[in-house]
Amino acid sequence: MEPHANCYDVIVIGGGHNGLVTAALLAKQGRRVILLERRAQLGGAAITEQPFGPDFKITSLSYVVSLLPQAVVRELELERHGYKVYPQHGYFAAYPDGRYLQLPGEQQRRQQQVAKFSRKDAAALGRWDAWLGELGAVLGPLLTQIPPRLGSKSPRALRDQLGLLWRLRNLSERQLAEIARLFTSSIADLLEDRFESPELRGLLAVSGIIGTWAGPRAPGTAYVMAHHKIGDVGDGQLGSWGFPQGGMGGVTTAMAKAATAFGATLRPSAPVARILVKKGRAHGVVLESGEELYAPVVVATAHPKITFLRHLEPQELPAEFRESIERWKTRSGTVKINLALDRLPEFTAKPGFDPEVHGGTIVLVDSLDELEHAFQDAVAHRAAERPFADICIPSVFDPTLAPPGKHVMSLFTQWVPRQWADAPHTEELDAYADRVLARVEELAPGFKSSILHRQVIGPHKMQEEYGLVGGNIFHGELSVSQLFHLRPAPGYADFRTPVRGLYQASSATHGGGGVTAIPALQAVGQILAGR
């Protein structure tokens, strides 16, 4: 072995999108970087796999891309490494009575669709869109700001707090009130104040509950909606949802190629057992194999309960910080269903192929109250009797995912009991999946006979195989008590940790929740600044 062959400038733990971007950006700056991933395949939850054999490529968990700053695409030259996104069309919901509601991008067509259910709602839709745009203009740039340490009296913290106030100085009293309401209200409150149609309320409520352990009447779900709708993250580019070529693994494969091109070493099948700490400073890691690697900087992108409760000894963290991580809420009741199909579904309400339907988001939801009932089923320790689903068919645009004439379908569904993260519950999951697919069959007769293969991923598999503790796709709930300066713990929303030289860049940090790579950008900035 060469002298110091196991010594690096930076060790990155975790090969998901945040880890890959961190490794690539630091390697581009000339740092000697090694990335360590527990699984045999890089990508984390943004991964393309082939559980049905070589003919079909499945995006196992995360299934669409948005909020990825253009700065990341440019800095890593992702397009040169194969990054390509097909724009996704809007919502489509069909109903058992033969009607349908479609929300295309053009304002006039959206209003025409909504007018089928309520002329009053059609008139209100423009004001809703304008309100969301106004909120996005304020909140979007804040996603890329490091939250100040509110309550701290240190000169630097006070300067940062004043900086936040300065950035908000142009907001009116009404705008500040609307933002406060957004963070404390339920999505149901917002929608019931503005719209009367049960169908429109249900369809718009979806973005407030997606991936959450909360029904639409829970406080804070209004912000979850805004988080998914923001788009402009401060670099002048409006984000939009899209299907990456090759599935979500196409995104992380491009990131991995960029990191390698800049000189980073990427090691899959290299699970970390412990972060080495001496005199309060991180200086390397020990792998489960017993191999030791050394670096003055370690960046953890795994779930915070893994990083701080498993990879570090209790005495290496302040008691208050450790208690905050122990209390970190990471519940979920989501189930991902992946299918291979021999044809596209044909909806009774809208027969034939329509790229705006089949290439958009097909939503199984009849009303806001139905969503609430589904969640309350899970709260009562039973899987939803009538589950909600957010459905995409990326192969409509991307021919690399399936053979000609065949397709892959992604169904992100809710809810099952959060306790299902503790055990497989295979039979119950299969019965739940049957109910989801029966809902599609109800709207598109013959759908079930088109299914060639099926995969059901519940909270337990999300936790044990993909490292999503509790099955939570955001590494922690997007609730008011876990946002901004509290994400993931008071005093440590600046991507540092109580251990010197140890930084955090998981989706549980500010700007995380979705494939944003904002945590990676911020952690790299802190490292390069020597903070």
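Everything that follows concerns the structure shown earlier in this document.
Thresholds applied
- Residues numbered from 1 in each chain as written.
- Predicted model: local features only at pLDDT ≥ 70, side-chain atom pairs only at ≥ 80, totals over all residues.
- Heavy atoms only, no water.
- Phe/Tyr/Trp six-rings, centres within 6.5 Å; stacked < 30°, edge-to-face > 60°.
- Lys NZ or Arg CZ within 6 Å of the ring centre and 35° of its normal.
- Salt bridge = Lys/Arg side-chain N within 4 Å of Asp/Glu carboxyl O.
- Helix = DSSP H or I, 4+ residues; strand = E, 2+ residues; numbered from the N terminus.
- Buried < 20%, exposed > 50% of the residue type's maximum accessible area, 1.4 Å probe, protein only.
- 1 Å grid on protein atoms, 1.4 Å probe; cavity = no way out; pocket = protein on both sides within 12 Å on 5 of 7 lines; lining within 4 Å.
- Points joined across faces, edges and corners; volume = space filled by probe spheres on them.
- Nonpolar A, V, L, I, M, F, W, Y, C, P; charged D, E, K, R; others polar.
- Pairing = 2+ DSSP bridges.
- Axes fitted to C-alpha atoms, helices over the stretch in contact; angles between N-to-C directions.

Caption draft 1: A look at the packing of aromatic side chains. By the definition in use, this model includes 13 aromatic pairs. Residue placement shows R32 over the ring face of Y8; its charged tip is 4.4 Å from the ring centre. Here the guanidinium or amino end of R194 rests over the ring plane of W131, the centre of that ring lying 4.5 Å away.

Caption draft 2: Main features of the pattern of salt bridges. Summed over all chains, the structure comprises 28 salt bridges. Between R174 and E178 there is a salt bridge whose closest N-O contact spans 3.7 Å. Of this pair, R174 and E178 both sit in helix α6 (residues 173-184), 4 residues apart, which is roughly one turn of the helix. For D342, the salt bridge identified is with R343, shortest N-O distance 3.0 Å. Residue classification places R343 among the partly exposed residues on the basis of a relative accessible area of 34%.

Caption draft 3: View of empty space enclosed by the protein. Applying the stated criterion across every chain yields a total of 4 cavities of 30 Å³ or more. Computed from the structure, the largest cavity encloses a volume of approximately 110 Å³. Lining the largest cavity are 14 residues, and of these I58, T59, P394, V408 and S410 sit closest to its centre. Breaking the lining of the largest cavity down by element, the ones donating at least two residues are β4 (58-59), β8 (242-244) and β17 (407-414). With 3 residues, the single largest contributor to the lining of the largest cavity is β17. Among the residues forming the lining of the largest cavity, the class breakdown is 9 nonpolar, 4 polar and 1 charged.

Caption draft 4: Structural detail: the sheet that holds strand β11 (residues 281-287). The 3 strands are arranged β10-β11-β12 in an open sheet whose pairing can be described as antiparallel. For this open sheet the edge positions go to β10 (272-278) and β12 (292-294), each flanked by a neighbour on one side alone. Here the average twist between neighbouring strands, direction ignored, is 30°. Bridge analysis of β11 against β12 gives 3 bridges, and the strand direction is antiparallel. Considered in β12, the bridge of V286 is made with E292.

Caption draft 5: View of the sheet that holds strand β1 (residues 10-13). The 5 strands lie next to each other as β9-β2-β1-β13-β19, forming an open sheet whose pairing is parallel. The strands lining the two open edges of the sheet, one partner per strand, are β9 (265-267) and β19 (502-504). The average angle at which neighbouring strand axes cross in this sheet is 20°, direction not considered. In this structure, strand β2 (residues 33-36) lies alongside β9, joined through 3 bridges in parallel fashion. Its bridge partner being in β9, L35 is matched across the sheet by L266.

Caption draft 6: Molecular detail of the layout of surface pockets. Its volume calculated, the second largest pocket comes out at about 500 Å³. Around the second largest pocket sit 23 residues that line it, and L139, L142, I179, F183 and F484 are the ones nearest its centre. Elements with a minimum of two residues in the lining of the second largest pocket: α4 (119-142), α6 and α9 (221-229). When residues in the lining of the second largest pocket are grouped by element, the largest group, 4 residues, is from α6. Across the lining of the second largest pocket, the residue classes tally to 16 nonpolar, 6 polar and 1 charged.

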